[in-house]
Amino acid sequence: QQFKSHMNHESWQERLVQSSSESPTDVHLAEPDFLWFGITERMKESSCLLFHTLRTKPVKEVPHERVVKCSPTSWWTGEHRREVRRREPADYAVWRTANAIFDVRVLRMIHGLKENLNG
């Protein structure tokens, strides 16, 4: 039955809007596969967008188990460092593109929230 419900042509966003009277944390309302990403330098916005997308309340505190410490680069060789410099332009291009997509998603979220507040 769950498979059949995803076979129709309405988008998961439309299903979320249509079912606004249901609990906002109903798991069956979320699309089973969707693309979401966060920007490390914009983690507060990223978290807000994720909670908004999932229609759930944010957690009061990030669980300690979810915090990952970055490993030091002291073990890198000169070859490792040269490879990072060689790949940097592509990494930066992906980062810029991700930020542009992210900006659009945040603006859409803000616009939707303003519409909801204005009635």
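Residues numbered from 1 in each chain as written. Predicted model: local features only at pLDDT ≥ 70, side-chain atom pairs only at ≥ 80, totals over all residues. Heavy atoms only, no water.

A few points about the packing of aromatic side chains
Now for step 1: Counted by the stated rule, this structure contains two aromatic pairs.
Now for step 2: Where tryptophan 75 meets tryptophan 76, the ring centres are 6.5 Å apart and the plane angle is 75°; that geometry is what we call edge-to-face.
Now for step 3: Given the relative accessible area of 55%, tryptophan 75 is considered exposed.
Now for step 4: Considering the side-chain rings of tyrosine 92 and tryptophan 95, the 5.6 Å spacing of their centres and the 20° angle between planes classify their relative orientation as stacked. Placement of the pair is tyrosine 92 and tryptophan 95 together in helix α4 (residues 78-118), with a separation of three residues, close to one helical turn.
Now for step 5: On the basis of relative accessible area, tyrosine 92 is assigned to the partly exposed category, the value being 43%. (Phe/Tyr/Trp six-rings, centres within 6.5 Å; stacked < 30°, edge-to-face > 60°. Buried < 20%, exposed > 50% of the residue type's maximum accessible area, 1.4 Å probe, protein only. Helix = DSSP H or I, 4+ residues; strand = E, 2+ residues; numbered from the N terminus.)

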